[in-house]
Amino acid sequence: QVHLVESGGDSVQAGGSLRLSCVVSGWPYRSACMGWFRQAPGKEREGVAHIDPDGNTAYADSVKGRFTISRDNAANILYLHMNELKREDTAMYYCAADPPPAPYCLTSGTSYFEFWGQGTQVTVSA
């Protein structure tokens, strides 16, 4: 079965950095559309960053210039490098994946993705 497991979440001070990882196992496809989403208590889940099968990326305006999504295909790991963290970045972060074809990968919302991880908590203090 397909499994996505996130790790790296922690409690950090504003202005700090953190790297989240998502290990994918049991993936039977040649490529994947992948993304990072986050959800704060009482709010809806929102897209943070996406990366398509060709390596193209897209970011939410709120994190552009601070976060970087990348992947290591050989190791089946998706990363989210977060810099200059702000209090509003506090949320549960989820890794998601969808098999090809994925023509709308970079602009897709939560309903587009079939597979999800359990999430990892990121808390940013003042």
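A short tour of the structure in this document, coming up. It should be emphasised that the depicted structure is a prediction, and the values quoted were computed from it without experimental measurement.

1. Some details on the sheet that holds strand S8 (residues 77-82)
Logical step 1: The antiparallel open sheet is built from four strands, whose spatial order is S1-S3-S8-S7. On the outer flanks of this sheet lie strand S1 (3-7) and strand S7 (67-72), each paired with one strand and no other. The average undirected angle you get between the axes of adjacent strands in this sheet is 15°.
Logical step 2: As judged from the six bridges shared by S7 and S8, these two strands associate in the antiparallel manner. Pairing of Arg71 across the sheet is with Leu78, part of S8.

2. Some thoughts on the side chain of Asp98
Logical step 1: With respect to the helices, strands and loops of the structure, Asp98 is situated in strand S9 (residues 91-98).
Logical step 2: Engagement of the side chain of Asp98 in a polar contact is seen with the backbone nitrogen of Glu114, the distance being 3.0 Å.
Logical step 3: Residues within four places of Asp98 in sequence aside, it is in contact with Trp27, Ala32, Cys33, Tyr112, Phe113 and Glu114.

3. Description of the layout of surface pockets
Logical step 1: For the largest pocket, the calculated volume is near 260 Å³.
Logical step 2: Every residue lining the largest pocket is counted, 15 residues in all, and those nearest its centre are Trp27, Ser31, Ala32, Asn73 and Asn76.
Logical step 3: Those elements that provide at least two residues to the lining of the largest pocket are S7 and S8.
Logical step 4: Of the residues belonging to the lining of the largest pocket, the class tally is nine nonpolar, three polar and three charged.
Logical step 5: Of the voids in this model, the second largest pocket is the one considered here, and its volume is about 160 Å³.
Logical step 6: Lining the second largest pocket are Arg38, Gln39, Ala40, Lys43, Glu44, Glu46, Glu88, Asp89, Thr90 and Ala91.

About the cut-offs
- Residues numbered from 1 in each chain as written.
- Predicted model: local features only at pLDDT ≥ 70, side-chain atom pairs only at ≥ 80, totals over all residues.
- Heavy atoms only, no water.
- Pairing = 2+ DSSP bridges.
- Helix = DSSP H or I, 4+ residues; strand = E, 2+ residues; numbered from the N terminus.
- Axes fitted to C-alpha atoms, helices over the stretch in contact; angles between N-to-C directions.
- Polar contact = N/O pair within 3.5 Å; in protein donor to acceptor, adjacent residues only side chain to side chain.
- Contact = heavy atoms within 4.5 Å.
- 1 Å grid on protein atoms, 1.4 Å probe; cavity = no way out; pocket = protein on both sides within 12 Å on 5 of 7 lines; lining within 4 Å.
- Points joined across faces, edges and corners; volume = space filled by probe spheres on them.
- Nonpolar A, V, L, I, M, F, W, Y, C, P; charged D, E, K, R; others polar.

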